[in-house]
Amino acid sequence: MQQMWQRGGKSIVFLLLLFILWELLVYITATPMWLLPAPSDVIKEIYNGIWEFYGHLISTMKLTLLGLSIGCSVGLFIAIILYRLPKANQVLYPLLILSQNIPTIVLAPLLIIWFGFDLLPKLIVISLVCFFPIVVASMDGFRQTAPELKHYMEMVGASRNQIFWKLEMPHALPSIFSGLKIAATYSVMGAVISEWLGAKQGIGVYMTLAQSSFRIDRVFAAIFFIMLLSLLLFGVIRLVEKLMVKGRKEGV
Amino acid sequence: MLTINGLDKAYGDLSVLKNINLHVRDREFVAILGPSGSGKSTLFQLIGGIIKPEHGTITLNNEVINGKKGLISYMPQQPSLFPWRTVLENVVLAAELTGKPNVEEAKQWLEKVGLAEFENSYPIDLSGGMRQRVSFIRALLSKQSLLCLDEPFSALDEFTRIKMQKWLLSVWEENRKSVLFITHSIEEAIFLADRIYVLSKRPATMKAEITVPFSRPRNESLLETTEFFDLKQQIFQYIKEEIVE
Ligand SMILES: Nc1ncnc2c1ncn2[C@@H]1O[C@H](COP(=O)(O)OP(=O)(O)O)[C@@H](O)[C@H]1O
Ligand SMILES: [Mg+2]
């Protein structure tokens, strides 16, 4: 815990130094606010606009959580299928990789044409960006099951099902959580991008509005909240991981 | 109860076991002594049913069990405990595979072997010797009547090993399952077993069968007697031939 604080503390100090430098540079060069606001301007904007912002934040948070849950469930499900049915793996794995090569920016407008401005296309976008890390991480986790444990299970006559649910699945948990952390970060981005393309509320909407009215200070405020949301999600996942992954060496 | 007849096994062109014959009676402790790489673990995998022999039969309680799994209790060389399970959850694992495990009995055994206070600890917090005890209790708690132990103490230091051998005997004398015990230590085989089979180096053939005359219960003073030393010499003659060639 203390170690974590020390590490975190150092990056916070470094970040503060950067902000001070930024503040000074803006001050010395007298850069106008519509080009680059000083950190103090952004903080002022966050402070003044927090209640206006609150609704957007909650809306994005809900969207993110929903999309992340769907994406992760689908990802885990696909990973289990692919791992347990090697034939399906041969057919589907290349397709999965291809699916990751479709740029979200291209796909999202298409989804809106097909599905309208409802929740559905947004959830598809978020799921699509966050299921892949889960699939890859889970499969790696399943594959890296300690061979001596697997040998033990075979020797005592465990069935394929028992080996999977009692050994491979719990063994892969830390790996799955690593995937989950990556997916969580992606999901916030996915949510903001999907909001750009049409929504009534959300950080993405706020950002587009701020941009088109040259309120760069607001854009920065939005960036700040996106980071905050990501960190929050990351922290929650880390907490759940600590509760669920027991008896193993502390990971990073 | 276990009878093995004319067993041959090869991995591709590599012949590992050749015409192996052996038997284990009810409540008997049998050791298999052989050099590393001779095919001892392979023999266990055949009995465990995860591989099949080219020739020969393995008979357990009058039933041929070639290629049949789940009929033996097993303790591997590495403790192979599941890191995410507590000690209690680990010892019931093998029993869990065939039905609902008897948690009360598991707790009693842990109590008996002095691991009660570690019931809810994770394997990462146990010493090497403690992990092997947990692994052994796990094997005891599964209901099969033949217990197969594959060099369970070879990864332990000398002090812990002698302690564990005594411990194993004391537990076994209370719960006399038939035991097949693989080892590459002559002393360990004599100290523990009723009978010893000596295997040659690969391809393993049965070199000798030796009956150990010492009465039970045994303790470490046996290790200092001349009879013990003589028997050790006698078995060493067989092993020497394997080294010379
Ligand atoms: N799955 C396998 N495929 C090919 N060769 C194997 C396999 N398992 C074991 N062997 C070989 O068979 C021999 C006997 O192995 P093993 O039974 O583990 O010996 P021991 O337990 O007596 O040390 C070794 O030379 C080993 O390299
Ligand atoms: Mg071996």
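Criteria and thresholds
Along each chain, numbering runs from 1 in the same order as the chain's sequence is written. Each chain takes a letter, starting from A, and each ligand takes a number, starting from 1, following the order in which they are written. Totals for whole chains, interfaces and linings use every residue, but because this is a predicted model, local features are given only for residues with pLDDT of at least 70 and side-chain atom pairs only at 80 or more, for both listing and counting. For side-chain calculations, the full set of non-hydrogen atoms in the structure is used, while hydrogens and water are omitted. Put simply, DSSP marks the helices as runs of H or I at least four residues long and the strands as runs of E at least two long, and each gets a number from the N terminus on. To get the radius of gyration, use the C-alpha atoms; to get the globule rule, take the number of residues to the power 0.38 and multiply by 2.2 Å. Per-residue accessibility, obtained with a 1.4 Å probe over protein chains only, is compared with the maximum for each type, and a residue is labelled buried under 20%, exposed over 50%, and partly exposed between these values. Note on definitions: a residue-residue contact is assigned when non-hydrogen atoms from the two residues lie within 4.5 Å. Note that accessible areas follow from Shrake-Rupley with a 1.4 Å probe, and for residues the cover is restricted to the protein chains shown. Here the positive residues are Lys and Arg and the negative ones are Asp and Glu; neither His nor the chain ends is included. In this description, the location of a charge corresponds to atom NZ of lysine, CZ of arginine, CG of aspartate or CD of glutamate. Accessible surface is computed with a 1.4 Å probe, and the buried area is the amount of it that two parts give up when combined, taken over both parts together. Every case where a carboxyl oxygen of Asp or Glu lies within 4 Å of a side-chain nitrogen of Lys or Arg is listed as a salt bridge. What fixes the domain bounds is an automatic or database domain assignment. Here a Phe, Tyr or Trp ring, Trp counted by its six-membered ring, pairs with any other such ring whose centre lies within 6.5 Å, and the pair is stacked when the planes are under 30 degrees apart, edge-to-face when over 60, and tilted otherwise. Proximity is defined per residue: any heavy atom of the residue falling within 4 Å of a molecule or strand makes that residue near it. Counted as a polar contact is a pair of N or O atoms within 3.5 Å, where, for protein atoms, one must be capable of donating a hydrogen and the other of accepting one, and residues adjacent in sequence contribute only when both atoms are in side chains. As defined here, a cavity is a set of points on a 1 Å grid over the protein atoms alone where a 1.4 Å probe fits but cannot get out. A pocket is an open set with protein on both sides within 12 Å along at least five of seven lines, and residues line them when an atom is within 4 Å of a point. Grid points are joined across faces, edges and corners, and a volume is the space filled by probe spheres set on the points. Think of it as three bins: nonpolar holds Ala, Val, Leu, Ile, Met, Phe, Trp, Tyr, Cys and Pro, charged holds Asp, Glu, Lys and Arg, and polar takes everything else, Gly as well. UniProt positions are given in the numbering used here, feature names are shortened, and annotations may be inferred rather than shown by experiment. Helix axes use the C-alpha atoms of the stretch in contact, all axes being lines fitted to C-alpha atoms, and the angles between their N-to-C directions lie in the range 0 to 180 degrees. Relative orientations are named as follows: roughly parallel for angles under 35 degrees, roughly antiparallel for angles over 145 degrees, roughly perpendicular for angles from 65 to 115 degrees, and oblique for any other angle. By convention, the crossing between two helices is left-handed when the near helix turns anticlockwise from the far helix through less than a right angle, and right-handed when the turn is clockwise. Between any two strands, at least two bridges found by DSSP are needed for them to pair.

A. Looking closely at the overall build of chain B. From N to C terminus, chain B includes 8 helices and 10 strands. The C-alpha radius of gyration of chain B comes to 18 Å, within 12% of the 18 Å expected for a compact globule of 245 residues. For chain B, the spread of C-alpha atoms along the principal axes amounts to about 50 × 45 × 30 Å. Among the 245 residues that make up chain B, the fraction classed as buried is 54%. Looking at chain B alone, contacts between residues at least 24 apart form 70% of all its contacts between residues at least 6 apart. Taken as a whole, chain B presents about 10,800 Å² of accessible surface, with 49% of it coming from carbon and sulfur. Here chain B holds 29 positive side-chain charges and 31 negative ones, and the gap between their average locations is 4 Å.

B. Up close: the interface of chain A and chain B. Counting residues at the interface gives 19 residues for chain A and 23 residues for chain B. Taking both sides of the interface into account, the surface hidden between chain A and chain B amounts to around 2,000 Å²; carbon and sulfur atoms contribute 71%. Contact with chain B buries area across many residues of chain A, yet A:Y152, A:M155 and A:K166 alone supply 36% of it, more than any other trio. The interface formed by chain A and chain B contains 1 salt bridge.

C. Representation of the domain arrangement of chain B. Residue and element names in this part refer to chain B. Here the domain parsing of chain B yields domain 1 (2-72 + 145-244) and domain 2 (79-143). Computed from C-alpha atoms alone, the centre-to-centre distance between domain 1 and domain 2 is 24 Å. In this assembly, 14 residues from domain 1 lie in contact with 13 residues from domain 2. Buried surface at the junction of domain 1 and domain 2, summed over both partners, amounts to about 1,200 Å²; 70% is from carbon and sulfur atoms. In this assembly, domain 1 and domain 2 are joined by 1 salt bridge. A salt bridge links K112 to E174; its shortest N-O distance comes to 3.4 Å.

D. Looking closely at the packing of aromatic side chains. All names here are of chain A. Applying the stated rule across the entire model yields 18 aromatic pairs over all chains. When the centroid spacing of 4.4 Å and the interplanar angle of 80° are considered together, the rings of F53 and Y206 count as edge-to-face. Of this pair, F53 sits in helix α2 (residues 39-84) while Y206 sits in helix α8 (residues 203-212), placing them 153 residues apart in sequence. Y206 shares its class with F53; the two are buried.

E. Structural view of the site of ligand 1. Residues and elements named next belong to chain B. Around ligand 1, the neighbouring residues are Y11, L14, V16, P35, S36, G37, S38, G39, K40, S41, T42 and R202. Taking Y11, its side chain carries an N or O atom lying 3.3 Å from a nitrogen atom of ligand 1. Note that an oxygen atom of ligand 1 is positioned 2.6 Å from one of the side-chain N or O atoms of T42. Isolated, ligand 1 exposes 570 Å² of accessible area, and the fraction of that covered by the protein chains is 60%. Listed by contribution, the elements that provide at least two residues to the shell around ligand 1 are β2 (14-24) and α1 (40-48).

F. Here's a closer look at the layout of surface pockets. All names here are of chain A. Taken as a whole, the largest pocket spans an internal volume of roughly 640 Å³. Mapped onto the lining of the largest pocket, the elements with two or more residues apiece are α1 (2-29), α2 and α9 (216-244). With 6 residues, α9 is the largest single contributor of residues to the lining of the largest pocket. Taken together, the residues of the lining of the largest pocket break down into 15 nonpolar, no polar and no charged. There are two domains that each give the lining of the largest pocket at least three residues, and those are domain 1 (1-30) and domain 2 (38-244).

G. Quick peek at the UniProt feature "transmembrane region" (unreviewed entry) in chain A. Look at the UniProt record and you will see "transmembrane region" (unreviewed entry) annotated at residues 12-30, 63-83, 95-117, 123-142, 176-199 and 219-240 of chain A. Its end C-alpha atoms 32 Å apart, residues 219-240 of chain A is made of 100% helix and 0% strand.

H. Just the packing of helix α4 (residues 104-115) of chain A against helix α5 (residues 119-143) of chain A, in detail. Residue and element names in this part refer to chain A. Two numbers describe how α4 lies on α5: the axes approach to 9 Å, and their chain directions differ by 150°. Our classification of the angle between α4 and α5 gives roughly antiparallel. Considering only the axes of α4 and α5, their crossing is right-handed. Of the residues in α5, those in contact with T104, L107, A108, L111, I112 and F115 of α4 are L120, P121, I124, V125, L128 and V129. Per-class residue counts for the contact of α4 with α5 are 11 nonpolar, 1 polar and no charged.

I. Structural view of the pairing of strand β10 (residues 206-211) of chain B. Residue and element names in this part refer to chain B. Here strand β9 (residues 195-199) runs beside β10; their pairing, made up of 5 bridges, is antiparallel. Along β10, the bridge assignment pairs I196 with I210. Between the antiparallel neighbours β9 and β10 lie 6 residues.

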